[in-house]
There are 2 protein chains.
Amino acid sequence: MAEYKAPLREMNFLLHEVFEADKLWARLPALAESADRETADAILEEMAKLAANTLDPINRSGDEEGCHWKDGVVTTPKGFPEAYATYCEGGWGALVGNPEFGGMGMPKMLGAQVEEMLCSANISFALYPVLTNGACLALDAHGSEELKQKYLPNMYSGTWAGAMDLTEPHAGTDLGIIRTKAEPQDDGSYRITGSKIFITGGDHDLSENIIHLVLAKLPDAPKGPKGISLFLVPKILVNEDGSLGEPNALGCGSIEHKMGIKASATCAMNYDGAKGWLVGELNKGLAAMFTMMNYERLGVGIQGLGASERSYQSAIEYARERVQSRSPEGAKQPEKAADPIIVHPDVRRMLLTQKAYIGGARALSTYVARWLDLAKFSEGEEKQHAEAMVALLTPVAKAFFTDKGLECTVLGQQVFGGHGYIREWGQEQLVRDVRITQIYEGTNGIQALDLIGRKTVANGGAFFELFAADVQTFINAHAENEELAEFIVPLATELQRLKDVTVAVIEAAKTDPNAPGAASVEYLHLFGFVAYAFMWARIASVAAGQNDDFYRSQIKTARFYFARLLPQTRALAASVQAGSATLMDLEEDLF
Amino acid sequence: MAEYKAPLREMNFLLHEVFEADKLWARLPALAESADRETADAILEEMAKLAANTLDPINRSGDEEGCHWKDGVVTTPKGFPEAYATYCEGGWGALVGNPEFGGMGMPKMLGAQVEEMLCSANISFALYPVLTNGACLALDAHGSEELKQKYLPNMYSGTWAGAMDLTEPHAGTDLGIIRTKAEPQDDGSYRITGSKIFITGGDHDLSENIIHLVLAKLPDAPKGPKGISLFLVPKILVNEDGSLGEPNALGCGSIEHKMGIKASATCAMNYDGAKGWLVGELNKGLAAMFTMMNYERLGVGIQGLGASERSYQSAIEYARERVQSRSPEGAKQPEKAADPIIVHPDVRRMLLTQKAYIGGARALSTYVARWLDLAKFSEGEEKQHAEAMVALLTPVAKAFFTDKGLECTVLGQQVFGGHGYIREWGQEQLVRDVRITQIYEGTNGIQALDLIGRKTVANGGAFFELFAADVQTFINAHAENEELAEFIVPLATELQRLKDVTVAVIEAAKTDPNAPGAASVEYLHLFGFVAYAFMWARIASVAAGQNDDFYRSQIKTARFYFARLLPQTRALAASVQAGSATLMDLEEDLF
């Protein structure tokens, strides 16, 4: 397997040339002082080194060794504690944190690219700090001043890690039916009792403490999702002076044996009257959780992107080195027994498909992160607009990046032929690792329902119109540019197709309660393809006319995307428009 | 995970009602005496028991334990030797074997369904006898009378297993460059020297001997594929009287650690002047290998089908039992905390997609097996016609069943949500196991090249026209049936689309050497979708008007297939028609 090399040129291109991040940063007061191009480039270069030198080398060994559980204690694989220490020493846990509590306050546009490198190098490792980030976000947004002062600085520094405890054995998607209970105590704290499963980083040996954010219900709470509250429950209780005290009444009962991300500890957690503190308002725990959900979900999408990039890098190297058969055009390297397989059209199809999906995802991730930054750092109408865009695009990024992540890693494995199936080469691990990203943090089916239901049908398409207007503005701006017509004209066609389908589903939902669910996954994919087309057209608009290999590569990849991948919208639109009838017609016992 | 229950009703339906196997068997002299409906049903019922009671129970334990290699000796997981003995005692190894040497001479139409059950229950196990079958086929078709008498009876009985040794470290797809050499000896035998990798069942503890069919080159052989010969090389030499003699000069150097099929020993084999005997003519080894390749490749396709069926059975059970959220139509089981997830349109979409692909694959596998039987057991023009159909359809079955096999097992895993990612439930094993089927026995990319190149462009579409004529005959026969119009009309449209694309690629290939490769994979998928549409329309034509749950389920699944899955042809046709330009345009160093 090729050594990981962070795609810094691509990242810089998107950040500075396509999305002109520094202009945005300069005009937002919270970012004007901290974020600029020079700082951003330096940060990306540092993470590129950490990823390549520290995290990538323990990725396969971590998979082989896995995590271990013994007598309630979880041990991570060899090298993980040291790597975690290096990560913390670099201050990475504070990157996007609130400066009031020791964070660096950097924009998500930058954070997203940093996360991509983490995930390319080692998804299992990345999950520990990523979950801590998520917990920090929720705490920062909803915790009391006291809780924030007590916990955030040590979480930003990585001295304490974070974990999010949502799922229970009988309650995954449907959190409304959780049973973990929280009983109010006289001192204002709560006693938490219940069982949680699938808790990423629920226990491990990387940090001194683990701060759990736990969903639970008060004894008299309303039924369903409106009776859920969020609690901070530390593994080890923290004294008034910030020092560590007694262990809390919680423990890790076991870890899961999984298909992949084996170096990430997936824990079953037991709470036996553990001491916890309310975060945010009573019975508004789900809403508090959703504050950080947009960040987390984009982060999961980025895992799909990161794994794809890693797979692509190895696949290109292999395709250049492995010789097998001759080019259909005749021998290209007659001095060798055969030509390198990159001469074969179908090998190129696989590699270009990876490249085109990766480029689309990286651009869309930067675009969504930009809206996240606007939602966080701007004001008034601009903020509202950004919040709507984030709400609309987050499920697309989470599900589409990860569905394409599976496709890309499978393609990267396929390039290797039989060697792709052997553990030694590392390509198959990427397939196993990335597969979870389609499932956790809300399955991709749930993302699709969120997109078409809450984010589209529920508001009559209002959010969608904002997105469509952004695409249309771009189309209008380049309508007269003949050089770009090959991208702009089909983009307009695809936007219209997406509009038509959106309107049709909103209309169908008025009389058919199954219409949104029936349309959901194909609709999300249709949306994703059009969003990538928008991204590739934007990339092409910057790259066009520049006489440099990098830009020509962008233009040619954009052409491939439009010619060979984008046509999938035709099938997706047709499937959506077939409606719910054939889905709902088969009686349950006839399956 | 649900216990495996063989889909006997579906199998019987296809065999007897859709394809009227007994009528075919009755008119073919070689089958008239041995094969009839009663015998077929009895055989299928017996295999259903063996699969459910003996093979399925050791599937997960086999994955957990894997094979072990120590000092050149391979040990299979617990229970495998006993299961293999049971399999042999049942006479299963002889099912489709040549009666002259102890085989039962049964048709492949039946054999294919038997294989499906084997693969649903335990792909790793299935590979041992399936590879033996393949070796028997090649030996039966090309071996001398002496070799056949000496080896076939013990191979049919399973006392000796078979293995196929093709791949070398530097030569997978491109067998023309293999280096294993065969030196002629005075006694008419050969000394075989070289290294082979990825040899399924190259060594194991199931049988008394292992008969390797090895591709090698004579010292003076022509370069490339025309210098390859096929040799029979037993692990233990066989004395004149048929008893076992000295060990041969070959050994297993190691076994691979793989993503899946862990209970199947994938061996690196070393030949150090091992004694071997020529099978067939010198320098015609590849052709001899290809005799059995059509059977093997259909068999690999059936692995994709078998895994899909297994995944589907578990997914339905889970979807009926797992309660989570409410139906969009309102609570269906208000007495429970939530409704079973099968009420959700998107869960139904996943299950129906599995069901529709499985039904299409099972029908197409029976259809291809029928052509294999005609190619083997009929004469003259009918035989030639059948050989052409087999040549055309085999790559479609191999690649499309297995590509859809990955898709189906991924869907079946997705239905389980987080639990699908945990090893305990077994759904993730199916994904890992089925993944190899897209790679071995010729990658799916190679299948696609074979379909569009050798099987289509090379003969100007002659084979394709035979297939198209068969579809057209069916369309004509039902053109006036209004009840079937919902299937017949779109089938005619899709056939025309496939024809147009076929003609376009044949035309493009005249001037563009990259055209077939550029079209290949999408073309094969387009072909597969149309072939499944043909199958579902045939199924519907039998099921229509029958007032019974089973038939109604078939009709409704056919409707789902036509409405929701078949539209993918539009995208595939568009991608193919985009040609090779965007694939070939990117310079190698710009990837």
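Look up: the structure comes first, before these words.
Within any chain, residue numbers begin from 1 and follow the written order of that chain's sequence. To label them, take the chains in the order written and letter them from A, then take the ligands in the order written and number them from 1. Per-residue local features of the predicted model are confined to residues with pLDDT of at least 70, and side-chain atom pairs are confined, for both listing and counting, to 80 or more; whole-chain, interface and lining totals are unaffected and use all residues. Hydrogens are left out, water is left out, and the side-chain values use all remaining heavy atoms of the structure.

A. Broad picture of the side chain of Thr409(B). Inspection of the secondary structure puts Thr409(B) in helix H12 (residues 380-415). We call two residues in contact when some of their heavy atoms are within 4.5 Å. For Thr409(B), the residues in contact, after removing those within four places along its chain, are Ala307(B), Ser308(B), Ser311(B), Leu430(B), Val431(B) and Val434(B). Numbering of helices and strands starts at the N terminus; helices are DSSP runs of H or I of at least 4 residues and strands are runs of E of at least 2.

B. Focus on the interface of chain B and chain A. Facing 91 residues of chain B, the contacting portion of chain A comprises 91 residues. Buried area: the accessible surface (1.4 Å probe) lost by two parts on joining, summed over both. For the pairing of chain B and chain A, the buried interface totals around 8,200 Å² over both sides, and the portion due to carbon and sulfur atoms is 57%. Sorting the residues of chain B by area buried against chain A places Tyr421(B), Arg564(B) and Phe591(B) first, and these three jointly supply 12% of that buried surface. Any Lys or Arg side-chain nitrogen found within 4 Å of a carboxyl oxygen on Asp or Glu counts as a salt bridge. There are 8 salt bridges connecting chain B and chain A. Notably, a salt bridge pairs Arg552(B) with Glu587(A), separated by 3.1 Å at the nearest N-O pair. The definition of a polar contact used here is a pair of N or O atoms within 3.5 Å, where within protein one atom must be able to donate a hydrogen and the other to accept one, and adjacent residues in sequence count solely through side-chain atom pairs. Viewed at the interface, chain A and chain B are joined by 53 residue pairs in polar contact (both at pLDDT 80 or more).

C. Region of interest: empty space enclosed by the protein. Residue and element names in this part refer to chain A. Both site types are read off a 1 Å grid over the protein atoms alone. A 1.4 Å probe that fits but cannot get out defines a cavity, while an open set with protein on both sides within 12 Å along at least five of seven lines defines a pocket; lining residues have an atom within 4 Å of a point. Grid points are joined across faces, edges and corners, and a volume is the space filled by probe spheres set on the points. Using the criterion set out here, one finds 11 cavities of 30 Å³ or more in the structure. Here the largest cavity is characterised by a volume of approximately 180 Å³. Taken together, 15 residues make up the lining of the largest cavity; nearest its centre are Val 96, Lys 108, Gly 111, Glu 115 and Asn 133. Every element with two or more residues in the lining of the largest cavity is listed here: helix H7 (108-121), helix H8 (123-142) and helix H10 (285-321). By residue number, the principal contributor to the lining of the largest cavity is H7, which donates 5 residues. Of the residues assigned to the lining of the largest cavity, the class counts are 9 nonpolar, 3 polar and 3 charged. Note on residue classes: Ala, Val, Leu, Ile, Met, Phe, Trp, Tyr, Cys and Pro are nonpolar, Asp, Glu, Lys and Arg are charged, and everything else, Gly too, is polar.

D. Region of the structure containing the packing of aromatic side chains. Working definition: a ring pair exists when centres of Phe, Tyr or Trp rings (six-membered ring for Trp) sit within 6.5 Å. Plane angles under 30 degrees give stacked, over 60 give edge-to-face, the rest tilted. Taken as a whole and judged by the stated rule, the model has 54 aromatic pairs over all chains. Considering the side-chain rings of Phe13(B) and Phe550(B), the 5.1 Å spacing of their centres and the 75° angle between planes classify their relative orientation as edge-to-face. With Phe13(B) in helix H1 (residues 8-18) and Phe550(B) in helix H18 (residues 549-565), this pair connects stretches of sequence that are 537 residues apart. The exposure class of Phe13(B) is buried, given its relative accessible area of 1%. Grouped by ring-pair contacts, the aromatic residues Phe19(A), Tyr367(A), Trp371(A), Phe464(A), Phe467(A), Phe474(A), Tyr523(A), Phe527(A) and Phe534(A) constitute a single cluster. Three labels apply to residues, based on accessible area from a 1.4 Å probe with only protein chains included: buried if under 20% of the type maximum, exposed if over 50%, partly exposed otherwise in between.

E. Focus on the packing of helix H11 (residues 345-377) of chain B against H12(B). Residue and element names in this part refer to chain B. What counts as an axis is a line fitted to C-alpha atoms, over the stretch in contact for a helix, and the angles between N-to-C directions run from 0 to 180 degrees. Relative to each other, H11 and H12 sit at 160°, their axes nearing to 8 Å. It follows that H11 is roughly antiparallel to H12 by the angle criterion. Handedness of the crossing formed by H11 with H12: left-handed. Each residue belonging to the contact of H11 with H12 can be placed in one class, and the counts come to 19 nonpolar, 6 polar and 6 charged. Should an angle lie under 35 degrees it is considered roughly parallel, over 145 roughly antiparallel, and from 65 to 115 roughly perpendicular; all remaining angles are considered oblique. Crossing chirality is assigned from the near helix's rotation relative to the far helix, an anticlockwise turn below a right angle marking it left-handed and a clockwise turn marking it right-handed.

F. Inspection of the pattern of salt bridges at higher detail. Under the criterion given, the structure shown has 64 salt bridges over all chains. Between Glu329(A) and Lys332(A) there is a salt bridge whose closest N-O contact spans 2.6 Å. For Glu329(A), a relative accessible area of 43% corresponds to the partly exposed category. By relative accessible area, Lys332(A) is classed as partly exposed at 44%. One salt bridge in this structure joins Arg564(B) and Glu522(A), with 2.9 Å as the shortest N-O distance. With Arg564(B) in helix H18 and Glu522(A) in helix H17 (residues 515-543), this residue pair bridges two chains. Given a relative accessible area of 1%, Arg564(B) falls into the buried group.

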